[in-house]
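Architecture at a glance
The primary structure of each chain is shown beneath.
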Amino acid sequence: MLKVEHLTKQYGSTTAVDDLNFEVKSGVVTGFLGPNGSGKSTTMRIILGLDHPSKGRATVNGQNYADLKSPLREVGALLDAKAVHPGRTARNHLRSLATSNQIKLSRVDEVLEFTGITSVANKRVGGFSLGMSQRLGIAAALLGDPAVLLFDEPVNGLDPEGIRWIREFFRSLAAEGRTVFVSSHLMSEMAVSADQIIVIGRGKFITQGSVDDLTKTAQGSVLVRTSDPTLLQQVLLSHGAQVQATNESMLTVSGLSSDEVGKIAFASGLTLYELTPQRASLEEVFMDLTADSLDFAHRQQAAADE
Amino acid sequence: MSDNTLSSTVKAEWIKFHTVRSTILGVAVTFVLTIGLGALITWTVRSHYHEMNPLRKITFDPVSTSLGGTLFAQFAIGVIGVLFITSEYSSGSIRTTLAAVPNRLRLAVSKLIILIASMFVISEIAVFITFLLGQSIFSGVVPTASLSSGSVLRSVILAGVYLTLLAVFGYSLGLILRQSAACISVFTSILLILPIVMFLLPQSWQTSYSKYEPSALGQAMMSPTPASNSFGSATASLILISYVIVFLGVGVTLLQRRDA
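Just so we're clear, the structure is a prediction, and the values are computed from it rather than from any experiment. (Residues numbered from 1 in each chain as written. Chains lettered and ligands numbered in written order. Predicted model: local features only at pLDDT ≥ 70, side-chain atom pairs only at ≥ 80, totals over all residues. Heavy atoms only, no water.)

1. Some details on the interface of chain A and chain B
How we decide: Two residues form a contact once any of their heavy atoms are found within 4.5 Å. Accessible area that two parts lose when put together, evaluated with a 1.4 Å probe and summed over both, is termed the buried area. By salt bridge we mean one thing: a side-chain nitrogen of Lys or Arg within 4 Å of a carboxyl oxygen of Asp or Glu. Here a polar contact is taken to be a pair of N or O atoms separated by no more than 3.5 Å, where protein atoms must pair a possible hydrogen donor with a possible acceptor and residues adjacent in sequence count only if both atoms sit in side chains.
Residue-level contacts link 31 residues of chain A with 30 residues of chain B. The largest per-residue losses of area from chain A upon contact with chain B belong to Leu50, Arg88 and Gln102 of chain A, which jointly make up 21% of the total buried on that side. The interface formed by chain A and chain B contains one salt bridge. Linking Asp259 of chain B and Lys9 of chain A is a salt bridge whose minimum nitrogen-to-oxygen distance equals 2.7 Å. Here chain A and chain B share eleven residue pairs in polar contact (both at pLDDT 80 or more) between them.

Written out as structure tokens, the structure reads:
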């Protein structure tokens, strides 16, 4: 189990992580979601004792990471797949890690086999593709058979087959009762691979819940096509809805359910040709939740990209 | 479940140390420079010895002359020390390392143990070979020295100690600066540029301070009889060791305080 309490990290005047509080439970895949630069990696580095928090603390199974006697046996982490000495072979990299935590060397061959990189185990890591490096990083994380696993943006650089493999892999780790904490800036990825989601933006906690919870709390909209859109618009506005004319006969209504829209139209004697509830996608929910937390520069960049 | 110990960290660092090419290459270059240049220097001295003026012949020291290659090898061995830690920062693997060994003092000590043990063995082998080779080249033409003399034996051993200390000095700079290029330029500046700067200073300052330069201390360590205006070998060794301890202390403190 992972726990973060009042965690704050400041770099000079910039606050990268701002009073974060959350718990990551075992047995499920927990997604850690936020736009790029929202403090996900910093939080993970603090959990691993690599960066010192300015305030607050992060604990693993109730202990500070630095106090773990044999950390690789309790926590496995993949932060940056390319962060391996390029001149060392994959096997030697894993051997040194295993030795440092008194893990049997036979385990090195097991994790190489499991991640499918046995054939390149004696090659220097410098020549590895990103996908192969990711597999090596996963092999290193699994080395100590830890109960807690952290992955920072693990699907980056993986091909579709690799992505499917890693999703199933996270599920199987969680099914074994482990704590699986996976960061991503892609809502769509989290929607399919995580059970629980923690959303942060600009270093601040935004929300936490299951994928279903998050989409339910989001506002959906209703598409409605009618004989007299101008009149319907007026009536709906008087009921407190927000209405946008999509085209001549079509309106997009938010703030009311499709049932309510139907009743109001009937009461006003209007004929409806179409009435379609639109469920907000998780992607939209995410954009909605983090919109306020995005930097101005970030938004400008997004605008420029369009 | 057994806890991590200093010995497991030392073993892991040994695997990391000898499984990269830069270490192997550094050791090879150290050998080539110490022995190869040592032989070249002794050959040159042998062939020009008869032209040497009588005063220089009196002060001629076959020991430090035959160990002349160490003044070049010191750069190679310094780089081994630098890269042992800076390659962790340049590749980013320091994070993996510290996640496996969160006790940073233990990590620093483990690396130090590996570095001192391996570089001491390598350096001593190199200096003894170059000494014996040099004396056999001198033999018959130039006066030679023998290891049966206590002061000669001490000088040869201290030449290896000097190289080992420079490897630790490089490592300490690496802990402080974390960047290979910056470390190597600082290392080279201290050993090469400092004497030049000293040379530009007034004569009286030179006399008082130049003996404190690391390279002058090295020269003092590998001379059986102290030259004028230089420390004895024991004092020189202690001064150099204290330099290294200061840099190492700063480096280890920074490693513990800074974010990785």
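2. Side note on the nonpolar core
What counts here: We define a nonpolar core as any set of buried Ala, Val, Leu, Ile, Met, Phe, Trp, Tyr and Cys residues linked to one another through side-chain atoms lying within 4.5 Å. Buried, partly exposed and exposed residues are distinguished by accessible area as a fraction of the type maximum, computed with a 1.4 Å probe on protein chains only: under 20%, between the cut-offs, and over 50%, respectively. Helix and strand definitions here come from DSSP, where helices need a minimum of 4 consecutive H or I residues and strands a minimum of 2 consecutive E residues; each element is numbered from the N-terminal end.
Formed by 130 residues in total, the largest nonpolar core has its most connected members in Phe151 and Phe181 of chain A. For this core, the element with the highest residue contribution is helix α8 (residues 150-177) of chain B, accounting for 15 residues.

3. Quick look at the sheet that holds strand β2 (residues 14-24) of chain A
Residue and element names in this part refer to chain A. Heads up, the condition is: DSSP bridges decide pairing: two strands pair if at least two such bridges lie between them. Geometry is summarised by axes, namely lines fitted to C-alpha atoms with helices restricted to the contacting stretch, and by angles between N-to-C directions that run from 0 to 180 degrees.
Here three strands make up an open sheet; going across it, the order is β2-β1-β4 and the pairing antiparallel. At either margin of the open sheet sits one strand with a lone partner, and together these are β2 and β4 (55-60). Neighbour to neighbour, the strand axes of the sheet diverge by 20 degrees on average, direction disregarded. Pairing of strand β1 (residues 2-11) with β4, which is carried by five bridges, proceeds in the antiparallel orientation. Within β4, the residue paired with Val4 across the bridge is Ala58.

4. Things to note about the side chain of Arg104 of chain B
Note the cut-off: Just so you know, the count uses Lys and Arg for positive and Asp and Glu for negative, and it drops His and the chain ends.
Mapped onto the elements, Arg104 of chain B comes out in helix α7 (residues 104-138). Buried charged residue Arg104 of chain B carries no salt bridge. Nearest counter-charge: Asp259 of chain B, at 6.0 Å. A distance of 2.6 Å separates the side chain of Arg104 of chain B from the backbone oxygen of Arg258 of chain B, its partner in a polar contact. Excluding residues that lie within four positions of it along the chain, Arg104 of chain B makes contacts with Gly49, Leu50 and His52 of chain A together with Leu98, Leu255, Gln256, Arg258 and Ala260 of chain B.

5. Quick look at the domain arrangement of chain A
Here is the rule we go by: Residue ranges for the domains originate in an automatic or database domain assignment.
Partitioning chain A into structural domains gives domain 1 (2-216) and domain 2 (219-278). Centre-to-centre separation of domain 1 of chain A and domain 2 of chain A, based on C-alpha positions: 46 Å.

6. Quick notes on the pairing of strand β7 (residues 179-184) of chain A
Residues and elements named next belong to chain A. Judged by how many residues are buried, β7 sits mostly within the fold: six of six residues are covered. Burial of β7 is two-sided: the residues Thr179, Phe181 and Ser183 facing one way and the residues Val180, Val182 and Ser184 facing the other way are all buried. Judged from the five bridges that link them, strand β3 (residues 29-33) and β7 form a sheet pairing that is parallel. What sits directly across from Phe32, in β7, is Ser183.

7. A few points about the environment of Leu94 of chain A
Residues and elements named next belong to chain A. Following the sequence through the fold, Leu94 ends up in helix α3 (residues 90-100). Under the relative-accessibility criterion, Leu94 is labelled buried at 0%. Measuring from C-alpha to C-alpha, the distance between Leu94 and Val108 comes to 6.1 Å, with 14 residues separating the pair along the chain. For Leu94, the contacting residues outside a window of four places in its chain are Val108, Val111, Leu112, Leu136, Ala139, Ala140 and Leu143.

8. Brief notes about the environment of Gly31 of chain A
Residues and elements named next belong to chain A. Turning to its location among the elements, Gly31 is positioned in strand β3. Taking the C-alpha atoms as reference points, Gly31 and Val182, 151 residues apart in sequence, are found 4.9 Å from one another. Other than its neighbours up to four places away in sequence, Gly31 contacts Val182, Met190, Ala194, Gln196, Ile197 and Ile198.

9. Focus: the packing of α7 of chain B against helix α12 (residues 233-257) of chain B
Residue and element names in this part refer to chain B. Inclusion rule: Each angle gets one of four labels, with under 35 degrees taken as roughly parallel, over 145 as roughly antiparallel, 65 to 115 as roughly perpendicular, and the rest as oblique. Note: crossing handedness is left-handed where the near helix turns anticlockwise from the far helix by less than a right angle, and right-handed where it turns clockwise. We call Asp, Glu, Lys and Arg charged. Ala, Val, Leu, Ile, Met, Phe, Trp, Tyr, Cys and Pro are nonpolar, and the rest, Gly among them, are polar.
At a minimum axis separation of 9 Å, α7 and α12 run at an interaxial angle of 140 degrees. When the interaxial angle is binned, α7 and α12 end up oblique. For the pair α7 and α12, the sense of crossing is right-handed. Here Arg104, Leu105, Ala108 and Leu112 of α7 lie close against α12, whose contacting residues are Leu248, Val252, Leu255 and Gln256. Taken together, the residues of the contact of α7 with α12 break down into six nonpolar, one polar and one charged.

10. Re α8 of chain B
Because each turn of an α-helix spans 3.6 residues, side chains separated by three or four positions end up pointing in the same direction. All names here are of chain B. How we decide: Given the number of residues in a helix, its expected span is that number minus one, multiplied by 1.5 Å.
Helix length check: α8, at 28 residues, gives a terminal C-alpha distance of 40 Å against a target of 40 Å (1.5 Å per residue), a fit within 8%. For α8, the tally of buried residues reaches 22 of 28 residues, placing the bulk of the element in the interior. At the C-terminal side of α8, Arg178 shows a positive phi close to 65 degrees.

11. Comments concerning helix α2 (residues 21-48) of chain B
Residue and element names in this part refer to chain B. Counted at 1.5 Å a residue, the expected span for α2 with its 28 residues is 40 Å, and the 39 Å between its end C-alpha atoms agrees. Every buried residue belonging to α2 is among Thr23, Gly26, Val27, Thr30, Thr34, Ile35, Gly38, Ala39, Thr42 and Val45, and all of these are buried. Looking at the buried residues of α2, the elements they touch are α1 (6-18), α4 (62-66), α5 (70-91), α7 and α8.

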